Structures are given as structure tokens and as C-alpha cells.
Amino acid sequence: MSQPIEFHPTGSFADRSRAAVNNAPLRKSFRGAMDFLQAKRLAQFPNAADLSTLRDLGSAIRRYALANLPNLLVQLEEKLTANGVHVHWAETPAEANAIVLAIAQRHKATHMVKGKSMVSEEVGLNHAMEAAGIEALETDMGEYIVQLAGEGPSHIIMPAIHKTKQQIAELFAEKLPGVAYTENVDELIRIGRQVLRKKFAAGDIGLSGVNFAVAETGTIFLVENEGNGRMCTTVPRVHIAITGIEKVVAKLDHVVPLNSLLPRSATGQAVETYQNFISGPRKPGELDGPDEVHLILLDNGRTQAYADVQLRATLQCIRCGACMNHCPVYARVGGHAYGTTYPGPIGAIISPHLIGLADTYPLAFASTLCGACVEVCPVRIPITDILIRLRNEAQARPGSVDATLRGSGAARTAVVSAIWSAWSTIYSRLGLYRWTSWFMSRGRALSPTEQGAWTRCRTPLKPAAKRLRDLLRERRK
Amino acid sequence: MSARANILNRLRAAPAGAPVPLPDVAAWHAAAAPMDSATRIARFRANIEAAHAEVHDTDAKAWPVLLGQIAAKKGVRRLLVGKDAAEAAALAPLAGDDLQLLPYEKPANEWRTEFFDTIDAALTPARSAIADTGSLILWPDARAPRLMSLVPAIHFVLLDAATIHADLYAAMKAEQWAAGMPTNALVISGPSKTADIQQTLAYGAHGPREVIVLLIRSAGDAS
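Residues numbered from 1 in each chain as written. Chains lettered and ligands numbered in written order. Predicted model: local features only at pLDDT ≥ 70, side-chain atom pairs only at ≥ 80, totals over all residues.

### Considering the overall build of chain B
Across its full length, chain B carries seven helices and twelve strands. With the principal axes as the frame, chain B shows a C-alpha extent of 70 × 50 × 40 Å. Out of the 223 residues belonging to chain B, those deemed buried represent 47%. Residue pairs at least 24 apart in sequence account for 71% of intrachain contacts in chain B once pairs closer than 6 positions are excluded. (Helix = DSSP H or I, 4+ residues; strand = E, 2+ residues; numbered from the N terminus. Buried ≥ 20, exposed ≤ 12 C-beta atoms within 10 Å, placed from the backbone. Contact = placed C-beta atoms within 7 Å.)

Here it is as C-alpha cells:
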């Protein structure tokens, strides 16, 4: 499927979000979806105390896994290898793609069917496969729709959330031979099912993501509603799963509370249709399932987050999307405006590690810090604290102790640097400080009336007519 | 240095955070109210029916005839059954012109197209089930391979009502999953579905459109 894929409109986050908020149909799609998802989630958690206990447990399970991450990854590798699964490690997207490509070429594969995998989006797998002449077909209905449209997903759980059924009806009629325009959702799904069934039957390689990887048993746990994930992991002769290194959990029973939180937080469903526990390739005598199973463990900047005790909490994420479903910014600008694979609050805090703070710091500022994401996060990631930390990192002086990330200081302009430098000079010299403050209070009429973003919707700042020093002197009289 | 060594070295070089004790899932689970057998059966039924599965009460003797009736009503002509499976033997008397029983004998790769295009339904046993979420637990093996519960449009499932657990945790512990996982274990909660088009729920996405549970009750069961 070689089509020019324009994942995100070019330009800055500010430009993209301005365009998005002026796009009425897009606003309507997101508002409707957010209201729907918020209500469904709430209905799944009628008891606040039970939810709180469950979130504590979910958080503890993820924190335990991270506290023991290197050992658990080694244990996972040992167990999977003993089960007959090939384990690969990749530091970068290019390495991950090269591993997939090498497997595909060894099998002379030309058709890859894909279950939903955000990590495969993160590494740009489809592009890499297409460049090598391998069709990489998305089979999740939402992913199939956005791929057909030449777009990327706008939500990590519901990729086509930005599209109306009219737009999908037009897309199918235009792109699929012999398909007439219909807005009937059952009919649209039936069309997708028919097209994709042929692809499953012809697929050489199935690619999937991973919801949790269980170190104790060497099990890849995958959830879904459609059955395409099971198709991709069962029908082709080769199954490749790809995941970030943080998705490991220690014990099989740790999956239970996490998967009690996941579907309820994500879509307000009590449970997914399919919970798929994969622990190895087809054994002798078994009549289906892949002959080969591979797991690719991807770093791509996650070790940078891990290296910092505060930022490590970012890796607790179980990718439910509740933070974006409740975010007043995401609801208004939508997923594509972020310009990153992962949008919304989680996108703002994970993307700096994946692609650097220089390209992503505006996302940390695109938040009111209202804390709705923190209230709903099933594993209690302190998202707002991390956003503030990233803002500080973005403004940190390069080389200082406050600059710890790739791209730290990217938001610090020459003007800002000069202002802080002047500030520290003035505040560290008493005479100069007194003179400057005297001058500023007497010369307050000279304050500029245009003060950048501040004055766009606020009155200009002016120094006080009398300094604190002057007021104290008057009181003493 | 390999990618593996680089990643592990970076992780090991990171400062230790606050210690985290091993989470106690058992204690959390113990706080849930216990469920008696009748409640488990009723909850299982209500939950899986809410997910658009059909549940039919039957018993160990009567189920083949019931399946035959449902199959006839749904227009099922080619029914896939497990090779050498006990339930296939029980169904044998029903086979005829109207209902063809096809044992799953060859590896799927040798008849993929036929499998995808010509099978109307499949019958598999469930290992057990879950009341809490209305889920079937399948433990595929050579007698009930993985694709039987996925490819045909209708999936018939034989479930012994006595095997319904309260929840997934109870099932995992009672059946000692962690001691040995199969190639693929499945927890299935109804027919396949999607809400990817404007949050509108549609059944029969890529897997079965219908899941029909034949619930085997014994005389001692509470209703």
C-alpha cells in the first residue's frame, strides 16, 4: 500500500491547534466522543472507594515492575526463550524496523497484517516496510480507516475518533473498488470485514503490540474487541510482537487488576471481548498458530525517563487513554494537533523522551494543569507534576544541573537568558538593586503596553508606584 | 556493545527510587464478596448475554439435539469440530445432509482459504468461565485449535455450569495458570465487536458474529 502518508500537518503546535479549534466538524467529533467516553467510564466505577483501592494496587504493580525493570526484562527473556519465542532488543526505531525487516526477508514475506500497535506507529514501521516492498496493512477497523485515508491515529485507543461516519462512508466509496456510499455502520463494518478477511488468509507475517508482558511465565498479553489481533497472532506463520521495555509485569496475577482498570478506564467497557495470553509458537501436534514468535523490546528514549526518579513514573502508563479523554485541551484540539505519535497528557510527558524536548516542549505548556488527567489515571501517574518539571527543563540553562534531558533548555531564548542574567546581577548587588527598584517605580509610566502573550488577554504589568522599602519607611514615621 | 547490553546497563545505572513491596493481589481479591454457585451461574449468564452472546440451558445428554435445532434455525450446514474430541463423537448421530460435521484434521495453513470461506460454525468446549465479566475461558489444544473460536461466523461453546469461577483471579488460582501456560489461553466475552466508527457498536468485526453457549447443568445445580 504505497500512498503518500502525511501523518500530521506541518507547522507548529500553536498553528495546528489554532487550525483545529477553528474546524467545527472536528470539534464536534471530539466533543461528542469525549462526553460519551467520560460518561461510560464513570458508569463502570460506581464506587469511589473501590476505585481508589484498585488504582492504588494498579499503581503499585506498575511501580514494582519499574523498580525491578532490568531483572524482570532478563527474566522475561529467559522465560520466553525457554517457551520458544525469539527475543530481540532495539535501542532505536531504525533498529526495531531492521529487526522486523530481517525476519520478513528471511521468510520472503510480502504481506504483513497488523494488529493495533502504537509502538509500531512510534517507529514508523509501515513506512519502513513499504520502502522495502512489503505491504503493511492495518487491520483494526479504526487503524484501517486512518491508513486508507493516509493519516495517522488521532487517539491511542480509538484511532479514527476524529472522523464522522459520513467521512468514512465517502472514504470507503472512493478507495474500495465496487463499494457504494453507505452511512450504515453495520454495513461499513461488514465491508471492512470482507476486505480484511482475504488479507488475513493471505498474510505471511502478523505484527502486534503488547499490553503486558509477564516475566513470571513468559506470556504476551493482548486485549482487543474485534478479533483482528487474534487473527494477526494466529493465522500467519510468523508473529512479531513489538513493545516498549516498560510494559513488563512481574507476575501473571498482576494482569488481573491492571486489566480490570484498563478497559473500564479506556472505553468504559467492563471487559474486552478477547484477552489473549500468548506463551509460545505452535507446538508439535497443534494445528494452528504461528511457527515462529518474536518479541522486540524497544527503548527509544525510555531509559532516559527511567534514569530520573520523578520522570520514571511516566513509564507506569498502561495506555488506556483516559487522560486524553478527560483533557480539556485534547478535547478541543484533537490528537493530530500534537504532532506526536502519542497525543494528550501522556503524549506531552512521554514524547520528550522519544523524540527530544526541543521538538515537544510546547506540549508541556499546552495544559491548564487542571489535573483531570491525574484524577482519572488508573495507575496514578502525577502527570501535572511531570508537566511542570518538563516546563522547567525546557527553560533550564544548558549545562546547569536543571538541564537533564535531551533538548533541555530548548525554550530558553536569548531574550529570556539576557533577562535572567540581568535579574541575577541586580539581585546580587544591594546598591544596584536599590537603584533599579527606585528607577522602576518612578519610571512605571514607561512600562511597555505590549507585553507579548501576557497582554493578549490581560492588562499590562506595571511596577508598583511605591516599593516595599518605601512603604515600610512611611510606616515607621 | 549490543542493544541488549546498552539498555540493561542504562537501566542498572539509574538511581533506585523508593522501594516498592511486592503488590498483594490476593489481599485485594479477598476483600471481594464471595459468590455462591447459583449467583456465579446467574452473573455469568447476565453478563455474557449483555455482551450479545446467547446462552441455552441444557444437560449432558440433551445438548447435541439442542445444538442441532439451533444450527438448523441459523442455517448452519458445515460445522467444524475437533478431531477425536468427545463432543464431536456425541454429535455424530446428528450428521446428515443438512448438517455436515467437519473434523479439524489438517494444519490450518494447508486449507486456509477453504477454512475462511466455507465453514459456517465451530463447536469447542470451554475449560471454564468467569461470572464477574461474563467470560469463557478457552484452552486451545490439538482437539480444539485456536482458530475454531475465531474464523467461523458462529461459535458454539459447551460449558459445564459447575466450572464457572467468580472472577479471573479465582480461575487463575484454582486452575494454577502460573504453573504452566499453554501456547495460547483465551478469555472470550461475547462475539467480536467494534465501536471504531463514531462510537457506534457493531457486532461481527473480524471474529464470530455470534457466540452461542450451551450451558450444561446437572440435577444438583441451583437454578
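Now that the structure has been shown, we can carry on.
### Quick look at the confidence of the model for chain A
For chain A, the average pLDDT comes to 95, and 98% of its residues sit at 70 or higher. Within the model, pLDDT remains below 50 along residues 1–10 of chain A, and this stretch shows 16 contacts once partners closer than five positions in the same chain are excluded. (pLDDT = per-residue confidence, 0-100.)

### A few points about the sheet that holds strand E12 (residues 210–216) of chain B
All names here are of chain B. Here six strands make up an open sheet; going across it, the order is E1-E12-E7-E4-E2-E3 and the pairing parallel. Strands with a single pairing partner mark the edges of an open sheet, and in this sheet they are strand E1 (54–58) and strand E3 (100–104). Taken pair by pair, the neighbouring strands of this sheet meet at an average axis angle of 25°, ignoring direction. Bridge count between strand E7 (residues 154–160) and E12: seven bridges; the pairing is parallel. Among the inter-strand pairings, leucine 159 is bridged to a residue of E12, identified as leucine 215. Along the sheet face, helix H4 (residues 63–74) touches E1, strand E2 (78–82), strand E4 (121–125), E7 and E12 and points at about 160° away from the line of E12. (Pairing = 2+ DSSP bridges. Axes fitted to C-alpha atoms, helices over the stretch in contact; angles between N-to-C directions.)

### Observations regarding the domain arrangement of chain A
Segmenting chain A into domains produces domain 1 (6–40 + 321–412), domain 2 (45–303) and domain 3 (429–476). Placing the centre of domain 2 of chain A and that of domain 3 of chain A at their C-alpha centroids yields a distance of 58 Å. (Domains from an automatic or database assignment.)

### Points about the environment of Val271(A)
Tracing the chain through its elements places Val271(A) in the loop between helix H12 (255–266) and strand E9 (274–278). By C-beta crowding, Val271(A) is classed as buried, having 25 other C-beta atoms within 10 Å. It is 29 Å that separates the C-alpha atoms of Val271(A) and Val87(A), two residues lying 184 residues apart in sequence. Those residues within four positions of Val271(A) in sequence are excluded, and the remaining contacts are Pro263(A), Thr133(B), Ser135(B) and Ser189(B).

### Focus: the confidence of the model for chain B
When the pLDDT values of chain B are averaged, the result is 95; 98% of them are 70 or greater. For this predicted complex, the interface score ipTM comes out at 0.97, alongside a pTM of 0.94.

### Topic: the environment of Arg10(B)
You can see Arg10(B) is positioned in helix H1 (residues 3–13). Exposure remark for Arg10(B): the 17 C-beta atoms within 10 Å place this residue in the partly exposed category. Ignoring anything within four residues of it in the chain, the contact list for Arg10(B) reads Thr303(A) and Ala307(A).

### Side note on the interface of chain B and chain A
Counting from both sides, the interface comprises 60 residues of chain B and, opposite them, 73 residues of chain A. With eight residues, the top contributor of residues to the side of chain B that touches chain A is H1(B). Residues that form the side of chain B that touches chain A fall into these classes: 34 nonpolar, 18 polar and eight charged. Judged from the five bridges that link them, E9(A) and strand E9 (residues 184–188) of chain B form a sheet pairing that is antiparallel. Opposite Tyr274(A), over in E9(B), you have Ile188(B) as the bridge partner. (Nonpolar A, V, L, I, M, F, W, Y, C, P; charged D, E, K, R; others polar.)

### Structural notes on the sheet that holds strand E10 (residues 292–298) of chain A
Residue and element names in this part refer to chain A. Spatially, six strands are ordered E1-E10-E7-E4-E2-E3 in an open sheet, and the strand pairing comes out parallel. Sheet topology places strand E1 (86–90) and strand E3 (135–138) at the edges, where each strand pairs with a single neighbour. Neighbour to neighbour, the strand axes of the sheet diverge by 20° on average, direction disregarded. Summarising the sheet, E1 and E10 pair through five bridges and their orientation is parallel. For valine 87, the partnering residue across the bridge sits in E10 and is leucine 295.

### Comments concerning the nonpolar core
Core analysis: the largest hydrophobic core is formed by 198 residues, its most contacted members being Met112(A), Val249(A), Leu159(B) and Leu214(B). A domain split of this core shows at least three residues from each of domain 1 (6–40 + 321–412) and domain 2 (45–303) of chain A. Not counting residues within four places of it along the chain, the set of residues in contact with Met112(A) comprises Ala104(A), Met129(A), Ile134(A), Glu135(A), Ala136(A), Leu137(A), Gly203(A), Asp204(A), Ile205(A) and Leu207(A). (Core = buried A, V, L, I, M, F, W, Y, C linked by C-beta atoms within 7 Å.)

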